[in-house]
Amino acid sequence: MSALRKETFALVAPTTLLFVGVVATPLLMTMLLSFNDWNATKGIISVLTLKNYAEIFADSYFAEIFLRTLRISLWVTVISVLVGAPEAYILRRMRDPWRSICILIVIGPLLVSVVARTLGWALLLGGNGLISQALQALGLSSGPVSLMFTETGVIIALVHVLVPFMVLAVWAALSRMDPAVERAAQSLGAGPVTIFRRVVLPQAMPGILSGSIIVFSLAASAFATPAVIGGRRLKVASTLAYDEFLNTLNWPLGAAVAMLLLVGIVASVFGWNRLVERRYAQVFSS
Amino acid sequence: MRNGPVSLLFHCLFVTFLLAPMVLVCLVAFTPENFLSFPTRGFSLKWFHKLAEYPDFLKAFRSSILIATVSSIIALVFAAPASIAIARYRFVGREALSAFFMSPLMIPHVVLGIAFLRFFQMIGLSGTTTGLIIGHVVVIFPFAMRMVLAAATGMDRRIEDAAASLGATRGTVYRRIILPTILPGLASGFALSFIQSFDEVTMTVFVASPTTVTLPVRMFNYIQDSIDPLICSVSALLILFTAVLMLVIDRLYGLERLFVGETAA
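Residue numbers run consecutively from 1 along every chain, following the written order of its sequence. For this description, chains carry letters from A and ligands carry numbers from 1, given in the order in which they are written. In keeping with the model being predicted, local features are shown solely for residues with a pLDDT of at least 70 and side-chain atom pairs are shown and tallied solely at 80 or more, while totals for entire chains, interfaces and linings include all residues. The basis for every side-chain value is the complete set of heavy atoms in the structure, and neither hydrogens nor water enter the calculation.

### A look at the overall build of chain A
Applicable threshold: Secondary structure elements follow DSSP: runs of H or I of four or more residues count as helices, runs of E of two or more count as strands, with numbering from the N terminus. Put simply, the radius of gyration uses C-alpha atoms, and a globule should come to 2.2 Å times the residue count raised to 0.38. Type-normalised accessible area, obtained with a 1.4 Å probe on protein chains alone, sets the label of each residue: buried when under 20%, exposed when over 50%, and partly exposed for intermediate values. A contact between two residues is defined here by any heavy atoms of the two lying within 4.5 Å. Each accessible area is a Shrake-Rupley estimate made with a 1.4 Å probe; only the visible protein chains count as cover when residues are assessed. The sign given to each residue is positive for Lys and Arg and negative for Asp and Glu; His and the chain ends receive no count. Note that the charge is assigned to NZ on lysines, CZ on arginines, CG on aspartates and CD on glutamates.
On a plain count of helices and strands, chain A comes out with 12 helices and two strands. Across chain A, helices and strands are ordered from the amino to the carboxyl terminus as α-β-β-α-α-α-α-α-α-α-α-α-α-α. Relative to the compact-globule value of 19 Å for 286 residues, chain A shows a C-alpha radius of gyration of 24 Å, a clear excess of over 25%. In terms of overall dimensions, chain A has C-alpha extents of about 80 × 75 × 35 Å along its principal axes. Taken across its 286 residues, chain A has 51% of its residues classed as buried. In chain A, the proportion of contacts linking residues at least 24 apart, taken out of those at least 6 apart, comes to 65%. By element, 68% of the accessible surface of chain A is carried by carbon and sulfur atoms, the whole surface being about 13300 Å². Charge centroids of chain A, computed over 21 positive and 13 negative side chains, lie 7 Å from each other.

Spelled out as structure tokens, the structure:
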């Protein structure tokens, strides 16, 4: 028994040490940094103060940025559910070789650098971009319409970046479903709407729920896309932290913003999982 | 069940939405004009030739490959033993350790970037390749571990017992039995880690320096200043590179298996 314990210890010890050294330590240092003071002449002042947090909570400028981050993330999540879940269902009903090709098309963008994809959206959303040209050609707009530096633009580009995660999550849930159940429902006289609502949706639900929290947390922490599409004019929490670190150089304030973002995301993930578990517990017990 | 016309229309719109930005980037890369214009008249490789005047993109590409390769190997070296222990043994703190090792998945990359910026400044690794590799190892670790864990979980312990009863030492068991069984997990773990590292931009933006930079960060910094056909040609090459990589992985392993897992395969 002792040999087994020694072996287990030898297997996990190096990785544990690595994580304490390069994950826990840097995060703790950042947390401490967020309690430090700062001014333009002296730089970082090693005292313990809640000043940065007080500033963030008191100033409506920061409140607006955090609310915008939340609003964008919620929209991206809702749109991803509405678009990604049906797409996963459609993919499931396809047959090879189309199905394999289409899955490549859905997964492919996940592998392409987010910077290249965001660049594409910058081209599409700009004042002389394709969307603006199309709106003008259709007579829907008299002048150029730029969606750059708007929340709508950021939401569209983020849905593009994150919707594959939703498709994959729902796809994984649906692939556990037996297609015979659908046919059974059909042969028992259920219409397509009933089949979708009573057979497909309940099976897809775990995928939709897990996909939602993945998309939400990635949207809330997204950086490159809001930085390019939203720019300086439309800051979100992550671009705010970036600016505080690399432009204003107020590291303690930037660290406080980062800590709030981290706490917000971790709380959402745990809260959501608790909610989902409770909901499913009710379903199973009733 | 078959898809009706409405479903197929929806599907076509979805695929268009997914592909449009990337197709557009590739088309703009071939413009003969000196500015961004679409639709363009004509076709030219002018901007690809112009890339030769910007050797820093090539340099950044090389460091991206180097960092992705080295950090994937290091991540696997640490992930493999940890995954074997977590998959096969029940020990105190197993759940907690597993959550700890997967935690980089939940921490926003901005927060990791900030944490590493501060950490590297304190220990004197600011702007070094070593620093970038450490950061990448952390970011990709959960992906490496997930793959090895999946391979190690399915292992039949009786083979090991048989080997031991035939007189094999623990070393031999590891080398001849455990390692070969987790080998597919190591291969897929490498593929997934490499891609994650190669695409990482958010964390790297914080710890990169003008001399040590990865391709996505170099591109991001360029886009912050100006959006022109040159950056489109860089992106087009990157998209091409990724497409080739994707086809190779799909042939060798199956993308679906890599991203959705065994259940859907």
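On we go.
### A closer look at the overall build of chain B
Counting secondary structure elements, chain B contains 12 helices and zero strands. Order of helices (α) and strands (β) in chain B, N terminus to C terminus: α-α-α-α-α-α-α-α-α-α-α-α. In terms of principal-axis extent, the alpha carbons of chain B reach across some 75 × 60 × 30 Å. Counting only residues that meet the buried cut, chain B has 52% of its 265 residues in that class. In chain B, once contacts between residues fewer than 6 apart in sequence are set aside, the share between residues at least 24 apart is 71%. When the accessible surface of chain B is totalled, it reaches about 12000 Å², and 67% of it is carbon and sulfur.

### Some thoughts on the nonpolar core
This is how it is decided: To qualify as a nonpolar core, a set must consist of buried Ala, Val, Leu, Ile, Met, Phe, Trp, Tyr and Cys residues joined through side-chain atoms within 4.5 Å.
If you look at the biggest cluster of nonpolar residues, it comprises 173 residues, and the most contacted ones within it are Val76 of chain A together with Phe57, Ile182, Phe220, Leu255, Leu258 and Phe259 of chain B. Core analysis: the second largest hydrophobic core is formed by seven residues, Ile213, Ala237, Leu261 and Val269 of chain A among them.

### Topic: the interface of chain B and chain A
Under the convention used in this document: The term buried area means the drop in 1.4 Å probe accessible area that two parts suffer when joined, counted for both and summed. A pair is scored as a salt bridge if a Lys or Arg side-chain nitrogen falls within 4 Å of a carboxyl oxygen belonging to Asp or Glu. Two N or O atoms form a polar contact when they lie within 3.5 Å of each other; inside protein one atom must be a possible hydrogen donor and the other a possible acceptor, and for residues adjacent in sequence the pair counts only when both atoms belong to side chains. Residues are grouped as follows: Ala, Val, Leu, Ile, Met, Phe, Trp, Tyr, Cys and Pro are nonpolar; Asp, Glu, Lys and Arg are charged; all remaining types, including Gly, are polar.
With 79 residues of chain B at the contact, the number on the chain A side is 89 residues. Together, the buried faces of chain B and chain A total about 7600 Å²; carbon and sulfur atoms form 80% of this surface. Scanning the region where chain B abuts chain A turns up one salt bridge. A salt bridge links Glu7 of chain A to Arg170 of chain B; the nearest nitrogen and oxygen atoms lie 2.7 Å apart. Between chain B and chain A we count nine residue pairs in polar contact (both at pLDDT 80 or more) in total. Element by element, the count of residues in the side of chain B that touches chain A is highest for helix α1 (residues 5-29) of chain B, at 14 residues. Here the side of chain B that touches chain A is composed, by residue class, of 62 nonpolar, 11 polar and six charged.

### Section: the pattern of salt bridges
Per the counting criterion, the structure on display carries 12 salt bridges over all chains. Here Arg68 of chain A and Glu151 of chain A are joined by a salt bridge, their closest N and O atoms 3.4 Å apart. Of the two residues, Arg68 of chain A is situated in helix α3 (residues 60-93) and Glu151 of chain A in helix α7 (residues 151-174); the sequence distance between them amounts to 83 residues. Taking the relative accessible area as the measure of exposure, Arg68 of chain A reaches 9% and is therefore buried. Through salt bridges with shared partners, a single ionic network connects Glu7 of chain A together with Arg88, Glu160 and Arg170 of chain B.

### A look at helix α2 (residues 51-58) of chain A
Which entries qualify depends on this criterion: Working note: the arc is built from the helix axis to C-beta atom directions.
Listing the buried residues of α2 of chain A in full gives Asn52, Tyr53 and Ile56 of chain A. Down the axis, α2 of chain A shows its buried residues gathered within 95° of arc, on one side only.

### Some details on the packing of aromatic side chains
All names here are of chain B. Threshold: For Phe, Tyr and Trp, rings pair up if their centres lie within 6.5 Å, where Trp contributes its six-membered ring, and each pair is then called stacked (planes under 30 degrees apart), edge-to-face (over 60) or tilted (otherwise).
One pass over the structure, following the stated rule, counts 26 aromatic pairs over all chains. With 6.1 Å between their ring centres and 25° between their planes, Phe100 and Phe101 make a pair best called stacked. Residue class for Phe100 comes out partly exposed when judged on its relative accessible area of 23%. Here Phe198 and Phe241 contribute two aromatic rings whose centre-to-centre distance is 5.2 Å and whose plane-to-plane angle is 40°, an arrangement assigned as tilted. Linking Phe198 in helix α8 (residues 170-199) with Phe241 in helix α11 (residues 229-252), this pair joins segments that are 43 residues apart in sequence.

### Notes on helix α5 (residues 109-123) of chain B
Owing to its 3.6 residues per turn, the α-helix brings residues three or four apart onto one side. All names here are of chain B. Operational definition: By this rule, a helix spans an expected 1.5 Å times one less than how many residues it contains.
Taking 1.5 Å as the rise per residue, α5 with 15 residues should run 21 Å; its terminal C-alpha atoms sit 20 Å apart, in good agreement. Within α5, 11 of the 15 residues are buried, which leaves it mostly tucked inside the rest of the structure. Considered for burial, the residues of α5 that qualify are Val110, Val111, Leu112, Gly113, Ile114, Ala115, Phe116, Leu117, Arg118, Phe119 and Phe120. Where α5 terminates, the next one or two residues include Gly124, which has phi positive at roughly 75°.

### Observations regarding the packing of helix α4 (residues 98-111) of chain A against α7 of chain A
All names here are of chain A. Rules: Helix axes use the C-alpha atoms of the stretch in contact, all axes being lines fitted to C-alpha atoms, and the angles between their N-to-C directions lie in the range 0 to 180 degrees. Just so you know how the angles are binned, under 35 degrees is roughly parallel, over 145 roughly antiparallel, 65 to 115 roughly perpendicular, and the rest oblique. The hand of a helix crossing depends on one turn: near helix anticlockwise from the far one by less than a right angle means left-handed, and clockwise means right-handed.
Look at α4 against α7: their axes get within 7 Å of each other, and the N-to-C directions meet at 135°. By the angle between their axes, α4 is oblique relative to α7. As α4 runs across α7, the sense of the crossing is left-handed. Across from Arg99, Ile103, Val106, Ile107 and Leu110 in α4, the residues of α7 making contact are Val161, Pro164, Phe165, Val167, Leu168 and Trp171. Grouping the constituent residues of the contact of α4 with α7 by class yields 10 nonpolar, no polar and one charged.

### Looking at unusual backbone geometry
Residues and elements named next belong to chain A. For the bond from Asp96 to Pro97, the omega torsion is 5°, close enough to zero to count as cis. Checked against the element boundaries, Pro97 lands in the loop between α3 and α4. Residues other than glycine seldom take positive phi values, yet Phe149 does so here, at roughly 60°. Located in the positive-phi region is Leu249, a residue other than glycine, with phi close to 65°. Inspection of the secondary structure puts Leu249 in the loop between α11 (237-246) and α12 (251-285).

### Some words on the confidence of the model for chain B
Here is the rule: Each residue carries a pLDDT score, the predictor's own confidence in it, on a scale running from 0 to 100.
Per-residue confidence for chain B gives a mean pLDDT of 90, with 96% of residues at or over 70. Under the prediction, the complex receives an ipTM of 0.91, its pTM being 0.92.

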